[in-house]
Every structure is written in structure tokens, then in C-alpha cells.
Amino acid sequence: MDIASPLVAKDHLSGSLLANDLYFVLHNDRTGRMRLHPRVTGLGLAGAVLGELMLAGHITAGIAAGEVRLALVNTHPTGDPVTQKALDHIIAEPSHSFRTWLQFLGQSAPADVGSRMIQAGLLHPPARRSWLRAAPPPTPVDPNTAMWPIGRLNLAVERREPLNEQDNVLLGLVSAAGGARVVLWDQDPDYLAHATAALPVHLRELVAQTEAAVGDAVISRR
């Protein structure tokens, strides 16, 4: 298998988790409602969960049997229920394609990441569902905190400033999910292309596979 070397991100020192940031970007900062179609949101968040595993050096990506697959690098516990759940699945079924993992994890990623954020005090627990209507989505505890991932991406694009590695992945996943047109003030394809090109090979593959999975999902809805 042709596997890219994993790279542990220094950005985790900030305490901000990639999937949490993407959750905030893909949901309204006050109502908590999804900005994009639920299936697309799920695929984007699945990419972010896998991105957390890549940034922490647990998995990488490469070619095997003619398709892009995930490969295990470090099977030590992640210390986090969301990424540990994903890692356990990958350990148990290592032969699935990258795209299959995105589709599988995308089914539960919004709920899993949302639950983690509730436990962390970032989201309010959702109100109870009544028999007349579905429960509203969980809302951010602090709208300013919810807006910060969007804000720092927009400031970097506006000023043409380089992003750190984790935010480069965040921007790539936002674009892959089709969210750039919704949340970015300045649509700059060259900046987006350069940001993704600056990533290591396995993280560029993460963005590319997520974009392809989203494209498949959009076509299947037509």
C-alpha cells in the first residue's frame, strides 16, 4: 500500500477540535439548524472526524487494491468517544474504501459530534420532542463561540493570510461540502486551492474524497 506519512498537528494545542468547528460552521449560530442538506452535513462531519484521526496520527490514506483506503498508523486509544468509535470501526473492517467510511460515518456523525459538544458545554441539550412536532436542534451556548470558526476563516481569506494546518483542513472540508458559498464573504478560488495544496498528501486526499462523496450524494438526490 502506498501510504502517506502521518503528521500530528500542533493545532490541537488550541483545544479546538476540527469536527466541533465544522459543526459550528455548518449550523446556524443561534437556531442550531443545518445550513446544508442533512446528508451533505453528515458527510462533511464524517470527513472532519476522520480528519481528527489523521491530525492526531492515528490513520492515514493511500492506494490499495486500486482504490483509496484508510490505513492504521496508531491504534492507541484516542481518549475521545467520537474518534474512538470511528477508529474501532476502522480497526475491525480495514478493507473498506475511504468513500465507504465517509458514507457510513456520515449517518451518525452529526448526532455523535453534537453529543460531544453538549457534553463539552458548547451546545444546549435539545428540548424534548412533543408528539406534535420534532424536537428542535441543539443550540449554541455562546453564539460568539459558534461564530468564531467562520470568523477566523473569513478574516484569513479576506486578508490573504495563511492558515494553520487544522484550519486549512477545516476550510477544505467547508468547500468540499459546498458550504463556502454560504459562509464565506469572499469567494476566492485561488486562495482555497493554495490552502488545500499546502496540506500533506493524506489530508489533501481527505478533502478530495469528501468532495467526491458529497458530489455523489447531490447527484443521487436529483
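This is a predicted model, so every value here is computed, not measured. (Residues numbered from 1 in each chain as written. Predicted model: local features only at pLDDT ≥ 70, side-chain atom pairs only at ≥ 80, totals over all residues. Heavy atoms only, no water.)

A. A look at helix α6 (residues 143-159). Between the first and last C-alpha of α6 there are 24 Å, a value that for 17 residues agrees with the 24 Å anticipated at 1.5 Å per step. Taken residue by residue, α6 has Ala146, Pro149, Ile150, Gly151, Arg152, Leu153, Asn154, Ala156 and Val157 as its buried positions. Buried-residue contacts for α6 involve α1 (18-26), α7 (165-176), α8 (180-183) and α9 (189-197). Its side-chain oxygen 3.0 Å from the backbone nitrogen of Asn144, Asp142 forms the N-cap of α6. Trailing α6 by a residue or two, Arg160 shows a phi angle of about 55 degrees, which is positive. (Helix = DSSP H or I, 4+ residues; strand = E, 2+ residues; numbered from the N terminus. Expected span 1.5 Å × (residues − 1). Buried < 20%, exposed > 50% of the residue type's maximum accessible area, 1.4 Å probe, protein only. Contact = heavy atoms within 4.5 Å. Polar contact = N/O pair within 3.5 Å; in protein donor to acceptor, adjacent residues only side chain to side chain.)

B. Structural context of unusual backbone geometry. The phi dihedral of Ala65 falls on the positive side, at around 55 degrees, and the residue is not glycine. Locating Ala65 in the fold gives a position in the loop between β2 (59-64) and β3 (67-72). Positive phi, normally seen in glycine, also occurs at Arg160, with a value near 55 degrees. Here Arg160 is to be found in the loop between α6 and α7.

C. How the structure looks around the pattern of salt bridges. Applying the stated rule across the entire model yields 11 salt bridges. For Arg69, the salt bridge identified is with Glu67, shortest N-O distance 2.9 Å. Assessed through its relative accessible area of 18%, Arg69 is described here as buried. A salt bridge links Asp186 to Arg160, with the shortest nitrogen-to-oxygen separation between them at 2.9 Å. With Asp186 in the loop between α8 and α9 and Arg160 in the loop between α6 and α7, the pair connects residues that are 26 residues apart, well separated along the chain. A relative accessible area of 26% means that Asp186 is categorised as partly exposed. Taken together, the shared-partner salt bridges connect Asp21, Arg152 and Asp167 into one network. (Salt bridge = Lys/Arg side-chain N within 4 Å of Asp/Glu carboxyl O.)

D. Quick look at the confidence of the model for the protein. Across the protein, the average pLDDT comes to 90, with 90% of residues at 70 or higher. In this model, residues 1-14 is a region of pLDDT below 50 whose contacts with residues beyond four sequence positions or in other chains number 37 contacts. (pLDDT = per-residue confidence, 0-100.)

E. Local environment of the pairing of β2. Counting buried residues along β2, five of its six residues qualify, which places the element largely inside the surrounding structure. Where β2 and β3 come together, six bridges link them in antiparallel fashion. Its bridge partner lying in β3, Ala61 is registered against Leu70. Counting the residues in the hairpin turn of β2 and β3 gives two residues, including Ala65, whose phi is positive at 55 degrees. (Pairing = 2+ DSSP bridges.)

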